[in-house]
Amino acid sequence: MPEIESRFGLLDVLVNNAGIYRFGKVEEASDELLDQLMQVNIRGVVLGAQFAIGHMKQRRPDGPWASMIHLSSIAGLVGSPTSSLYSMTKGAVRLFSKSLALEMAQLGYRIRSNSVHPGIIDTDMAGEVAQALAAKGLNSEQIREHMSAGHPMARIGQAEEIARGIRFLASDDSAFMTGTELVIDGGWTAK
Amino acid sequence: MSFPSAGSRLDGQIALVTGALGGIGAATCKALAAGGATVIASDAHSRGADELLHAVKSLGASCDFFFTRCNQTRGLGGINARDRISIRAP
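Here we summarise the structure given alongside this text. (Residues numbered from 1 in each chain as written. Chains lettered and ligands numbered in written order. Predicted model: local features only at pLDDT ≥ 70, side-chain atom pairs only at ≥ 80, totals over all residues.)

Notes on the overall build of chain A
Okay, step 1: From N to C terminus, chain A includes six helices and four strands.
Okay, step 2: Along the chain direction, N to C, the helices and strands of chain A fall in the order α-β-α-β-α-β-α-α-α-β.
Okay, step 3: At 18 Å, chain A has a C-alpha radius of gyration in line with the 16 Å of a compact globule built from 191 residues.
Okay, step 4: Considering only C-alpha atoms, chain A reaches an extent of 55 × 35 × 30 Å along its principal axes.
Okay, step 5: Classification of the 191 residues of chain A by burial places 41% in the buried group. (Helix = DSSP H or I, 4+ residues; strand = E, 2+ residues; numbered from the N terminus. Rg over C-alpha atoms; globule rule 2.2 N^0.38 Å. Buried ≥ 20, exposed ≤ 12 C-beta atoms within 10 Å, placed from the backbone.)

If you want it as structure tokens, here you go:
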């Protein structure tokens, strides 16, 4: 911790983004699957925040607040029949972010905390979502169709579209936002 | 898709991005760098770190970019940006 400060000074922004997607039926889920998801998606997020608080809490009383952005998912807002355990972890991230926002404010720390909820995004993780659909017996055409059609805007999202939202939450353009969600999902959760 | 330097500004801000080598992580590093932030990127592995470096450099934004390998499930205490792979972009 002292090392990061001596090189960079105080941290202003944490993008708590590291996460994994895993699918599978609950009745068949192994201990390993459960542990992996909880380790990365929950423990990793908590430890990331813990680390950042130490680097963020001493801020100038007249300057902008620090900002933490935690990556949740549409799976942290609505249920999914193929990835209950993943959804559990993303729901946890959502309420961790909200509670942390309240805790930081109550402690007098000038640290904002918000969560971001992407739909299916054109990344390697979308490939894993496709695998989950293939395991349900869908062919590749049906998978493409299904992943796009879940979004009322009839396409999956691009990573840059999520990054723009994160940049907004990181900056002082979102100065009065804390404990809330930024949903970037092409309308998925509006249904 | 690109990140104009116009938009939300992060000049002089220091940002830490975990999972920086995934799709959203890498795009976030670029977006924050384009906004003028010093970006410390971390991931549990370093596959694709060079590509991310080049991508950030090619933005031409004035920023500092660092990569550090760190497994977040063991906390971020190990982060020290020792593996600096970029300095100020032109």
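The structure having been displayed, the exposition proceeds.
A few points about the packing of helix 1 (residues 23–34) of chain B against helix 2 (residues 49–58) of chain B
Residues and elements named next belong to chain B.
Okay, step 1: At a minimum axis separation of 9 Å, helix 1 and helix 2 run at an interaxial angle of 30°. Overall, the two elements helix 1 and helix 2 adopt an arrangement that is roughly parallel. Two packed elements cross with a definite hand, and for helix 1 against helix 2 that hand is right-handed. On helix 2, the residues that touch Ala26, Cys29, Lys30 and Ala33 of helix 1 are Leu52, Ala55 and Val56. (Axes fitted to C-alpha atoms, helices over the stretch in contact; angles between N-to-C directions. Parallel < 35°, antiparallel > 145°, perpendicular 65-115°, else oblique. Left-handed = near helix turned anticlockwise from the far one by under 90°. Contact = placed C-beta atoms within 7 Å.)

So, the sheet that holds strand 1 (residues 13–16) of chain A
Across a sheet, paired strands are connected by hydrogen bonds in the backbone, their directions being either parallel or antiparallel.
Okay, step 1: Spatially, 4(A)-3(A)-2(A)-1(A)-1(B)-2(B)-3(B) is the arrangement adopted by the seven strands of the open sheet, whose pairing is parallel. Each edge of the open sheet carries a strand with a single partner, namely strand 4 (181–184) of chain A together with strand 3 (65–69) of chain B. Strand-to-strand twist of the sheet, defined as the mean angle between neighbouring strand axes without regard to direction, takes the value 15°.
Okay, step 2: In this structure, strand 1 (residues 14–18) of chain B lies alongside strand 2 (residues 38–43) of chain B, joined through five bridges in parallel fashion. Looking across to strand 2 of chain B, one finds that Leu16(B) is bridged to Ile40(B).
Okay, step 3: Running over the sheet, helix 2 (residues 31–56) of chain A touches strand 1, strand 2 (66–71) and strand 3 (111–118) of chain A together with strand 1 of chain B and is turned about 175° from strand 1 of chain A.
Okay, step 4: On top of the sheet, helix 1 of chain B reaches strand 1, strand 2 and strand 3 of chain A together with strand 1, strand 2 and strand 3 of chain B; it is set at about 170° to strand 1 of chain B, its chief contact. (Pairing = 2+ DSSP bridges.)

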